[in-house]
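Understanding the architecture of this molecule
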Amino acid sequence: KQEVTQIPAALSVPEGENLVLNCSFTDSAIYNLQWFRQDPGKGLTSLLLIQSSQREQTSGRLNASLDKSSGRSTLYIAASQPGDSATYLCASYSGGGADGLTFGKGTHLIIQP
Amino acid sequence: EPEVTQTPSHQVTQMGQEVILRCVPISNHLYFYWYRQILGQKVEFLVSFYNNEISEKSEIFDDQFSVERPDGSNFTLKIRSTKLEDSAMYFCASSGRTGNSNQPQHFGDGTRLSIL
């Protein structure tokens, strides 16, 4: 059974810093890995999806990497802003059909102005 | 940009009552999902639905739960006899505009279900 872990559970940094959020998964036989943002009391906003054949995906100030062999993914946020404050979730997809995502517990990120 | 919409945003129900949570997935998506998130815990997969039938379900999705796509736009989750432990945020998601299972899943804002 797939297990997804995110470290750290919480992170607080000053505005402008670059930062890295970590995600690890136990079963490397994944189809893709998706990063989400969750604001308090809100739904999940999809940020990036990396296919199993890819090493990186970029969107604006966000860059996600995937190393299947080591069971790791990272989300890099450049030049952080207070509006980036949220909980960031990673989720792996292992099913060949319509199986669900397996989520980590998230990293609660606070960007100090 | 197209989005998944869920209603109601908050549902309060007495224990033992039936509840129906409603979702309108993104138009032309083919795969539909329900997830739940108990306060302070991980988002958990409940069930996936494709081609008008359940494709996969987790051990959480027992006989008290059912899903239905009653028309071409709505996707519902029914809990037959609610328990206190059903209190959670329930998220609907959809994916696969082209039927490709490697498409991202897009989530709604959720329905907060409170069982009294």
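First things first, this report covers the structure right here in the doc.

Rules of the game
The residue numbering used here restarts from 1 in each chain and proceeds along that chain's sequence as written. Naming scheme: in the order in which they are written, chains are lettered from A and ligands are numbered from 1. Under the rules for a predicted model, residues below a pLDDT of 70 receive no local features and side-chain atom pairs below 80 are neither given nor counted, while totals for whole chains, interfaces and linings still include all residues. As a rule here, side-chain values cover all heavy atoms of the structure and leave hydrogens and water aside. Labels follow the DSSP assignment, with helices taken as runs of H or I lasting at least four residues and strands as runs of E lasting at least two, numbered in each case from the N terminus. A contact between two residues is defined here by any heavy atoms of the two lying within 4.5 Å. Only the protein chains shown count as covering a residue, and every accessible area follows the Shrake-Rupley method with a 1.4 Å probe. For the charge count, each Lys or Arg is scored as positive and each Asp or Glu as negative, with His and the chain ends excluded. Charge positions come from single atoms, namely NZ of Lys, CZ of Arg, CG of Asp or CD of Glu. Being paired, for any two strands, means DSSP has found at least two bridges between them. The axes used here are C-alpha line fits, helices contributing only the stretch in contact, and every angle between their N-to-C directions lies in the interval 0 to 180 degrees. When a carboxyl oxygen of Asp or Glu is within 4 Å of a side-chain nitrogen of Lys or Arg, the pair counts as a salt bridge. The cut-offs for exposure are 20% and 50% of the maximum accessible area for each residue type, with area from a 1.4 Å probe on protein chains only; residues under the lower value are buried, those over the upper are exposed, and the others partly exposed. Buried surface area refers to the total accessible area, computed with a probe of radius 1.4 Å, that the two partners give up upon joining, counted for both partners together. Residues were grouped as follows: Ala, Val, Leu, Ile, Met, Phe, Trp, Tyr, Cys and Pro as nonpolar; Asp, Glu, Lys and Arg as charged; and all remaining residues, including Gly, as polar. Our working definition of a disulfide is a cysteine sulfur pair at a distance within 2.5 Å. Among buried residues, the Ala, Val, Leu, Ile, Met, Phe, Trp, Tyr and Cys ones that are joined through side-chain atoms within 4.5 Å form a nonpolar core.

From N to C terminus, chain B includes zero helices and 11 strands. Along chain B, from the amino end to the carboxyl end, the secondary structure elements read β-β-β-β-β-β-β-β-β-β-β. The long-range share in chain B, meaning contacts at least 24 apart out of those at least 6 apart in sequence, stands at 55%. For chain B, the exposed surface amounts to about 5900 Å²; the carbon and sulfur share of it is 44%. Charge-centre separation for chain B: the mean point of 10 positive side chains lies 1 Å from the mean point of 14 negative side chains.

Another point: the sheet that holds strand 8 (residues 72-77) of chain A. Residues and elements named next belong to chain A. Pairing is antiparallel across the open sheet formed by five strands, whose spatial order is 1-3-8-7-6. Only two strands of the sheet have a single neighbouring strand rather than two, namely strand 1 (4-7) and strand 6 (56-59). Each adjacent strand pair in this sheet contributes to an overall mean axis angle of 15°, direction not counted. Bridging between strand 7 (residues 62-67) and strand 8 involves six bridges; their strand directions are antiparallel. When the bridges of strand 8 are listed, D67 appears paired with R72.

Take the pattern of salt bridges next. Residues and elements named next belong to chain A. Counting across every chain of the model gives three salt bridges over all chains. Salt-bridge contacts for R61 lead to D84; the nearest nitrogen and oxygen are separated by 2.9 Å. With R61 in the loop between strand 6 and strand 7 and D84 in the loop between strand 8 and strand 9 (86-93), the pair connects residues that are 23 residues apart, well separated along the chain. What makes R61 partly exposed here is its relative accessible area of 28%.

Moving on: the interface of chain B and chain A. At the interface, 23 residues of chain B touch 26 residues of chain A. Summing the contributions of chain B and of chain A, the shared interface buries around 1800 Å²; its carbon and sulfur component is 51%. Scanning the region where chain B abuts chain A turns up zero salt bridges. Contributions of two or more residues to the side of chain B that touches chain A are made by strand 4 (31-37), strand 5 (43-50), strand 6 (53-57) and strand 9 (88-95) of chain B. Among the elements that line the side of chain B that touches chain A, the one with the most residues is strand 4 of chain B, at four residues. Its residues placed into classes, the side of chain B that touches chain A shows nine nonpolar, 10 polar and four charged.

Residues and elements named next belong to chain A. Side-chain alternation along strand 1 places V4 and Q6 on a buried face and T5 and I7 on a face that remains uncovered. Bridge count for strand 1 against strand 3 (residues 19-25) is four bridges, and the pairing is antiparallel. The residue bridging Q6 from the neighbouring strand is C23, located in strand 3.

Per the counting criterion, the structure on display carries two disulfides over all chains. With a sulfur-sulfur separation of 2.0 Å, C23 of chain A is cross-linked through a disulfide to C90 of chain A. Torsion about the S-S bond of the C23 of chain A and C90 of chain A cystine: about 75°, corresponding to right-handed handedness. Here the residue C23 of chain A occupies a position in strand 3, and C90 of chain A occupies one in strand 9, the gap between them amounting to 67 residues. Between the sulfur of C23 of chain B and that of C92 of chain B lies a disulfide, 1.9 Å long from S to S.

By size, the foremost hydrophobic cluster in this structure holds 22 residues, and its most contacted members are W34, L46, F61, V67, F75, L77 and Y90 of chain B. Contributing elements (two or more residues each) for this core: strand 3 (19-24), strand 4, strand 5, strand 7 (65-68), strand 8 (75-79), strand 9 and strand 11 (111-115) of chain B. V13, C23, A64 and I111 of chain A belong to the second-largest nonpolar core, a separate cluster that totals 21 residues.

Residue and element names in this part refer to chain B. Ordered in space as 1-3-8-7, the four strands form an open sheet in which the pairing is antiparallel. The open sheet is flanked by strand 1 (5-7) and strand 7, the only strands paired with a single partner. Direction aside, neighbouring strands of the sheet carry axes that sit 20° apart on average. Where strand 3 and strand 8 come together, five bridges link them in antiparallel fashion. Across the sheet, the residue bridging to L21 is L77, located in strand 8.

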